[in-house]
Amino acid sequence: MKIIVIGLCLACLTGCSAVTEMSARVNEEIDSYLAQKEKADYVQVVYPAELVQYGDERHNPANPSP
């Protein structure tokens, strides 16, 4: 009887381990998909103050670009 109980416990532990492994892989795939989607939907925000700064650097006759 003890052998059957031990066998059932080992089977349950193995099953739980497999489910945990599968869950981790699924979560990793979901995170990867969301990261790719976020990267594809990313829009860089440029504030007006930055536009003025970069605009001044590009059109400054005293400091010509190379």
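What you are looking at is a predicted structure, and each value in this text was computed from that prediction instead of being measured. (Residues numbered from 1 in each chain as written. Predicted model: local features only at pLDDT ≥ 70, side-chain atom pairs only at ≥ 80, totals over all residues. Heavy atoms only, no water.)

Asks: Go over the pattern of salt bridges with me, naming the residues and quoting the values.
Replies: Enumeration according to the criterion identifies 1 salt bridge in this entry. With a closest N to O distance of 3.2 Å, Arg25 and Glu21 form a salt bridge. In this pair, Arg25 and Glu21 both sit in helix α1 (residues 2-41), 4 residues apart, roughly one turn of the helix. Classification of Arg25 as exposed rests on a relative accessible area of 56%. (Salt bridge = Lys/Arg side-chain N within 4 Å of Asp/Glu carboxyl O. Helix = DSSP H or I, 4+ residues; strand = E, 2+ residues; numbered from the N terminus. Buried < 20%, exposed > 50% of the residue type's maximum accessible area, 1.4 Å probe, protein only.)

Asks: Can you break down α1 residue by residue, with the values?
Replies: Look at α1: 58 Å from first C-alpha to last across 40 residues, which is about the 58 Å you get at 1.5 Å a residue. Within α1, only 0 of the 40 residues are buried, leaving the element largely exposed. (Expected span 1.5 Å × (residues − 1).)

Asks: Which residues make up a nonpolar patch on the surface, and what values go with them?
Replies: A surface patch of nonpolar side chains, amounting to about 500 Å² of accessible area, comprises Met22, Val26, Ile30, Tyr33 and Leu34. Within the secondary structure layout, Met22 lies in helix α1. In this structure Met22 comes out as exposed when scored by relative accessible area, which is 52%. (Patch = residues over 30% accessible without salt bridge, like charges linked within 9 Å, V, L, I, M, F, W, Y side chains within 5 Å. Areas by Shrake-Rupley, 256 points an atom, 1.4 Å probe, with all protein chains shown as cover.)

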